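Notes for the structure review
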Amino acid sequence: MIDLKTLREDPEAVRASQRARGEDASLVDALLSADERRRSAVSRADNLRAEQKQFGKQVGKAQGEERDALLAQAKELAGQVKDAEAEQTETDAELLRLQKAVSNVVEPGVPPGGEDDFAVLKHVGVPPEFDFDVADHLELGNGLGAFDMERGAKVAGARFYFLTGVGAQLELALLNMAAAQATAAGFTLVVPPVLVRPEIMDGTGFLGAHSSEVYRLEEDDAYLVGTSEVPLAGYHSGEILDFADGPARYAGWSTCFRREAGSYGKDTRGIIRVHQFNKLEMFVYCREEDAHDEHQRLLAWEEEMLAKIEVPYRVIDTAAGDLGSSAARKFDCEAWFPSQQTYRELTSTSNCTTFQARRLNTRYRDADGKTRFAATLNGTLATTRWIVAILENHQQADGSVRVPEALRPFLGGREVLEPKK
């Protein structure tokens, strides 16, 4: 949720953020009105309770007819207190509903617009040129015995798959390389639950505009996570953290599930857009004033991993309308896919400021001993889709694939993946 203090002090900044996202700016005025009604209701209830307390002292001292009259007045006052408290409860609920409807305030400099309005910040590497017909990752993977899409569909349905043989080894190698980098950088490695309670899923902001992407288990009233960002955001919910030694950094290794609603016919070939995949996700809690710099660190760690798999990529500043409701800013790293002759997302890193922590009541104590809401950030360090970029960029004429040097120790020293005979 957005900070109500920010809303009161600079409502136009919140309106501008809503407009940049392509969302309803009138929600800001509705939220302001709800905030005023709630504060008025709280004040009225507090005053009536104070009056009731003082009145009770008078009743205790009175006798006879005076006492009877005062008791009658006290009964009437009790009714007013009850009505005021009911009004306070009602305005609390309305304020919370509207506060949840307003997305996080985007950072200054975020490009306005939708999915295609991103700004390219830089290019790294040059797309490879091949003197043979380029194969896509599915052709290469089939040749290597790395995928089994048909049996995946037979067992689980469309957009499920088996990683087999070298495919399974390649994914484990990638994730292990990412885990090694994360732990060397001071992250605590975590294997979290992949089922979460509704309040945790809601707290991270995934039950708003993107709720159609989430798998829900109705009988258990639980959700399958689409990223370990969700359980890691809930890890310290309701707690007060200590940042005396710096941010709290976690790297979550989990299986992820996404319904991919509305994407039928798009990227259905191979393992680019699937319902289940594995991912190593960085997640950070820090002071709000440190979040901008921490965001740059997460991006640098992502680029360090991309350098290890030796693929060309670009970094984009995602447009406001393509941000999730929790993110104030998001940078994507998109790798070159030779078969498509375009860049496709491999990593993203988001600064969610205090938006998630307010919902989940995650705080820290500052130097003055005052509790403040923490900032949360997340960033991808490796995922199943990376296999696509590796196979396509490092393919050779005979269908074999060169293994990037940094990845070789995690693949038993193998330098080339050979097609099955």
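Quick summary incoming for the structure in this document. (Residues numbered from 1 in each chain as written. Predicted model: local features only at pLDDT ≥ 70, side-chain atom pairs only at ≥ 80, totals over all residues. Heavy atoms only, no water.)

So, the packing of helix H7 (residues 166-184) against helix H10 (residues 291-309)
To be explicit about the condition: Lines fitted to the C-alpha atoms define the axes, with helices restricted to the stretch that makes contact. Angles between their N-to-C directions range from 0 to 180 degrees. Helical segments are the DSSP runs of H or I of at least four residues, strand segments are the runs of E of at least two, and each set is numbered from the N terminus. Throughout this description, any angle smaller than 35 degrees is read as roughly parallel, any larger than 145 degrees as roughly antiparallel, any in the 65 to 115 degree range as roughly perpendicular, and the remainder as oblique. In this scheme the crossing of two helices becomes right-handed for a clockwise turn of the near helix relative to the far one and left-handed for an anticlockwise turn of less than a right angle. Contacts are assigned to residue pairs that have any heavy atoms within 4.5 Å of one another. The residue classification treats Ala, Val, Leu, Ile, Met, Phe, Trp, Tyr, Cys and Pro as nonpolar and Asp, Glu, Lys and Arg as charged. All others, Gly included, are polar.
Between H7 and H10, whose axes approach to 11 Å, the crossing angle comes to 135 degrees. Looking at the two axes, H7 sits oblique to H10. The two elements H7 and H10 meet at a crossing, and its hand is right-handed. Contacts between H7 and H10 involve Leu174, Met177, Ala178 and Gln181 from the first element and Trp301, Glu304, Met305, Lys308 and Ile309 from the second. The class makeup of the residues in the contact of H7 with H10 is 6 nonpolar, 1 polar and 2 charged.

Section: the nonpolar core
The following threshold applies: The criterion is simple. A nonpolar core is a set of buried Ala, Val, Leu, Ile, Met, Phe, Trp, Tyr and Cys residues joined through side-chain atoms within 4.5 Å. Between buried and exposed lies partly exposed: a residue is buried under 20% and exposed over 50% of the maximum accessible area for its type, with that area taken using a 1.4 Å probe on protein chains only.
Of all hydrophobic cores here, the largest spans 60 residues; its most connected members are Phe147, Leu280 and Ile309. Here this core gets 9 residues from one element, more than from any other, and that element is H7. In terms of nonpolar packing, the next biggest core, distinct from the first, is built from 19 residues, Val196, Tyr223, Val225 and Val230 among them.

Here we look at the environment of Ala101
With respect to the secondary-structure elements, Ala101 resides in helix H4 (residues 64-101). It is 13 Å that separates the C-alpha atoms of Ala101 and Ser211, two residues lying 110 residues apart in sequence.

Considering the sheet that holds strand E8 (residues 240-241)
Selection criterion: Between any two strands, at least two bridges found by DSSP are needed for them to pair.
Strand order in this open sheet of 3 strands is E8-E14-E15, and the pairing throughout is mixed. A single partner strand is all that each edge strand has here, and the edge strands are E8 and strand E15 (371-373). Examined bridge by bridge, strand E14 (residues 363-365) and E15 share 3 bridges and lie antiparallel to one another. Paired with Arg363 across the strands is Phe373, a residue of E15.

What to know about H10
Each full turn of the α-helix corresponds to 3.6 residues, which orients residues three or four apart in the same direction. Put simply, the test is: Here a helix's expected span is defined as the number of its residues, less one, multiplied by 1.5 Å.
For H10, spanning 19 residues, the distance from its first C-alpha to its last is 28 Å, which sits close to the expected 27 Å at 1.5 Å a residue. Every buried residue of H10 is listed here: Ala291, Glu294, His295, Leu298, Leu299, Trp301, Glu302, Glu303, Met305, Leu306 and Ile309.

Details of the sheet that holds strand E13 (residues 342-351)
One open sheet accounts for 8 strands, arranged E1-E11-E12-E13-E16-E10-E9-E4; its pairing is mixed. Both outer strands of the open sheet, strand E1 (119-124) and strand E4 (188-190), are each paired with one neighbouring strand and no more. Strand-to-strand twist across the sheet, computed as the mean angle between neighbouring axes with direction ignored, equals 25 degrees. Where strand E9 (residues 248-257) meets strand E10 (residues 276-286), 10 bridges bridge the pair, whose relative direction is antiparallel. By the bridge assignment, Ala248 is partnered in E10 with Tyr285.

A look at the packing of helix H5 (residues 137-144) against helix H12 (residues 386-393)
Axis separation between H5 and H12 bottoms out at 9 Å; the angle between their running directions is 85 degrees. Here H5 is positioned roughly perpendicular relative to H12, judged by the angle of their axes. Across the interface between the two elements, His137, Leu140, Gly141 and Leu144 from H5 touch Val388, Leu391 and Glu392 from H12. Residues belonging to the contact of H5 with H12 are distributed by class as follows: 4 nonpolar, 2 polar and 1 charged.

A word on the packing of aromatic side chains
What counts here: Two aromatic rings from Phe, Tyr or Trp, using only the six-membered ring of Trp, form a pair when their centres are within 6.5 Å; if the ring planes differ by under 30 degrees the pair is stacked, by over 60 it is edge-to-face, and anything between is tilted.
Counted under the stated rule, the structure contains 7 aromatic pairs. Note on Tyr235 and Tyr250: the rings are 5.3 Å apart at their centroids and 80 degrees apart in plane angle, and the pair reads as edge-to-face. With Tyr235 in helix H9 (residues 229-235) and Tyr250 in strand E9, the pair connects residues that are 15 residues apart, well separated along the chain. In this structure Tyr235 comes out as partly exposed when scored by relative accessible area, which is 46%. Overall, Tyr250 belongs to the buried group, its relative accessible area being 11%. Considering the side-chain rings of Phe283 and Tyr285, the 5.2 Å spacing of their centres and the 70 degrees angle between planes classify their relative orientation as edge-to-face.

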